Amino acid sequence: MHNAKQTAKHAAPWVLLLVLLAGLAAVRGLGANYDIGYEIMNGDFQNYNPVRHLLAGQAPYKDFTVYLGAGELYSVGGLLLILGNSFGRSMFATNFCTWFYFELLVLAVCLVVLGSGRAARAGTAALCSYFFLVVQGVRVPLADSISPLLEYAASNGNSARMIRSAALTLAVLVILLGLRIWQGRGMPRRGPLPLPALLVPLTAGALVPWSNDMGGAMYISVALGYGLFLIREYRTNIRAIVVRVVQYIAVSVAGLGVSVTLISWGHPLAWLRQTRGTGSYQTWYYGTLLEEKTCSLSELRWPGAVVFCLVLAAGFAAAIFLCKSRRSAVLAAAGLALTLGMALWNVLYGVVSASNNGPAGGASALVAVLIPAFAVRAVLTVLERLPSAQQALRAAGRWLPRLCALLCCTVLAVGMKDQIASRIGGHGEGRTYVPELGGWIGDQAQKLATEQQITAGRRVFGTYSSALEAMTGQLQPTGTDYIIHAMGDRQRLAYLQTFQAGDFDLVVTPSVKVAPFERWSRNANWWFYRELYRYWAPMGNTYVCGGMHLFWERTGVDNNHNQPAAVTVTPGGDGTVTLTVTTQDPAFCGVADVSLCYRLTDASSHTSPLERQFLHVTCVTENELCAAAGRETHQGDFYLPLDRDNYDIPITISDGTGTVVLTARSTSGTMVPVVEQATVNATYTDWEYFFE
């Protein structure tokens, strides 16, 4: 009984802190839930759609695509299981989780930097209160400087990146908590498999599926921190180090296997196939501009926050060996994991995706927390060395945590008051409550009502499933809600076969009038659109279809115009290849379905085994049409895969001629494309350019 009371006494301040942090996160969630702005291709439904499948009883990875990772799926899904399943509540849930996981990052940093539990609680409460005021738009000191660093924490964003980054935060917190319990109960430090040798790898392995990109970065950074700690402990005992490393690998693999089996509902191979498919397509698939792809580390951008984290990681690595106590070395290893993990997340994303659009916001958020935490640590270190300040420090240790908790309570009360006042005040004109979505939206409400009328009682197949499917209670039949997430040959084949075999009444695609990104999607996903163009046609223009989408109906015939056409292949002196489709009818306007047989060759005959190569397609005729209409150009340019030598692409034709240009991009800069054969399979009406 005495031990239970002592445990409850020690746990009470932590429970209070977590309740306060959850309260602040709830205010952020309520703010996002007040008006649920709906855009047909933004990330809000990317966050919500997998949860709809999960709560409908479908098996993750087997029945539907989990593109953002298990962390977002189960965090948001768990909340909606309690709150109720609707898009409006998903906006609350994703923003709640975004802010709460950021607050846990603050807690992890405070534990590492400040060292003691009491100081960490006080620092977390104070910093979270301050950061909350910053993202709420309150004019507090340094808000203009801090606000840009909190981009990932301020909202759920397009890809829930703050939620995905929590794999690292949770790994550090779980390991520190486990070690604290282990230490408090006096468990043995040695033996064949003491708790640290089990806890650290098991946690790291189990959290890899939380987010595939951050999961990998987390695993590497935790492993490195653990490895350096082993070297510190065992010094020259190589055998002991090797044994622990082997144990780490075995236990972490077991943890990964158990975790994957659980989150996939007993279908680990489905998780593996989806992960491999995403990995095989991630590098070449996304992007429109030739300059977007990076061929080497030297081409990656290194944001200041990432560099700062790497410098701190080196400092923490050194501290593991310089610290006098084992406890301090453990905290240094945790600091190494946090700083290296956030930086590595950005670097690995850039390498795997060949992109400079990496998640640098994670490092920025970490820097926003680290700077004040280190400032407080520096002040405390100075005061601890001053004999005259000892009494003041002891007094501050008693009342400062309470004052910080009071500050957090006050900020929470003001935040809740604002949310209550906003709801009492109403939503004003121009907002309509949509019960099927569980929230208030703007002018899209009328457009969605029109779409509901069009699709009443009809089964739809959406390439970008979102509000319409949620309102009509339908799920994307393939399990891949966004066509851009059908990544991997197996996944694309399954997507296409489901479409071909399905008894759908309507196909729904975003209109390029409101979603220019659809130009790229059509070209990059021609493997699907060539089937759509062949047997389906829009029932009307964007205006007739409600103002946001095109609705396609079966025509009952093959839509091939059978327009005689030839392809001319012209190598350029600058290493490019121009493909020109010319139709027999000089007035023909449409799109040609063209099969290419192609490859890259090295103009210098010195290809490196580490050579990174890409093949870019510039849609010349499309860009000319866009320029003539006053629209942005190069929105439809795309890339071709290089793991095969045959591929089908669309070439838009205007007045009998259509042109694209193939350009190679490589590490050496010496690769050039070679087109061995180009054949026109069919010609269709180009609904993107000659319909509306």
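All of these numbers come straight from a predicted model, not from anything done at the bench.

Quick notes on the nonpolar core
For step 1, the next point in the chain: Counting 204 residues, the largest nonpolar core has Phe102, Phe131, Leu437, Phe528, Val594, Leu596 and Leu640 as its most contacted members.
For step 2, the next point in the chain: In terms of residue count, the dominant contributor to this core is helix H4 (residues 87–114) (21 residues).
For step 3, the next point in the chain: Aside from chain neighbours lying at most four places away, what touches Val594 is Val567, Val581, Tyr647, Asp648, Ile649, Ile651, Ala678, Thr679, Val680 and Asn681.
For step 4, the next point in the chain: Among the nonpolar cores identified, the runner-up in size contains 7 residues, and Val460, Val508, Cys545 and Phe551 belong to it.

A closer look at helix H2 (residues 44–55)
Count 3.6 residues to each turn of an α-helix, and residues three or four apart come out pointing the same way.
For step 1, the next point in the chain: With 12 residues, H2 ought to run about 16 Å at 1.5 Å a step, and its terminal C-alpha atoms sit 17 Å apart, in line with that.
For step 2, the next point in the chain: Residues Asp44, Phe45, Gln46, Asn47, Tyr48, Asn49, Pro50, Val51, Arg52, His53 and Leu54 constitute the buried set of H2.
For step 3, the next point in the chain: For H2, the secondary structure elements touched by its buried residues are helix H3 (70–83), H4 and helix H18 (467–472).
For step 4, the next point in the chain: Gly57, located one to two residues past H2, shows a positive phi value of around 95 degrees.

Some points on unusual backbone geometry
A negative phi angle is the norm for most residues apart from glycine, just as the trans form is the norm for most peptide bonds.
For step 1, the next point in the chain: With phi around 65 degrees, Leu142 is a residue other than glycine that occupies positive phi space.
For step 2, the next point in the chain: Owing to a relative accessible area of 61%, Leu142 belongs among the exposed residues under this scheme.
For step 3, the next point in the chain: Within the chain, Asn562 stands out as a residue other than glycine whose phi angle is a positive 50 degrees.
For step 4, the next point in the chain: Summarising the element assignment, Asn562 is placed in the loop between strand S6 (549–554) and strand S7 (565–571).

Side note on the packing of H4 against helix H14 (residues 326–353)
For step 1, the next point in the chain: Between H4 and H14, whose axes approach to 9 Å, the crossing angle comes to 140 degrees. What the angle tells us is that H4 and H14 run oblique. For the pair H4 and H14, the crossing hand works out as left-handed. Residues Leu105, Ala108, Val109, Leu111 and Val112 of H4 form the contact with H14, whose own contacting residues are Leu331, Ala334, Gly335, Leu338 and Met342.
For step 2, the next point in the chain: Here the contact of H4 with H14 is built from residues that sort into 9 nonpolar, 1 polar and no charged.

Points about the environment of Thr555
For step 1, the next point in the chain: By secondary structure assignment, the location of Thr555 is in the loop between S6 and S7.
For step 2, the next point in the chain: Exposure remark for Thr555: the relative accessible area of 33% places this residue in the partly exposed category.
For step 3, the next point in the chain: Contacts of Thr555, omitting those with residues within four sequence positions, involve Tyr535, Trp536 and Ala537.
For step 4, the next point in the chain: In this structure the side chain of Thr555 is engaged in a polar contact, spanning 2.9 Å, whose partner is the side chain of Asn559.

How each quantity is defined
- Residues numbered from 1 in each chain as written.
- Predicted model: local features only at pLDDT ≥ 70, side-chain atom pairs only at ≥ 80, totals over all residues.
- Heavy atoms only, no water.
- Core = buried A, V, L, I, M, F, W, Y, C linked by side-chain atoms within 4.5 Å.
- Buried < 20%, exposed > 50% of the residue type's maximum accessible area, 1.4 Å probe, protein only.
- Helix = DSSP H or I, 4+ residues; strand = E, 2+ residues; numbered from the N terminus.
- Contact = heavy atoms within 4.5 Å.
- Expected span 1.5 Å × (residues − 1).
- Axes fitted to C-alpha atoms, helices over the stretch in contact; angles between N-to-C directions.
- Parallel < 35°, antiparallel > 145°, perpendicular 65-115°, else oblique.
- Left-handed = near helix turned anticlockwise from the far one by under 90°.
- Nonpolar A, V, L, I, M, F, W, Y, C, P; charged D, E, K, R; others polar.
- Polar contact = N/O pair within 3.5 Å; in protein donor to acceptor, adjacent residues only side chain to side chain.

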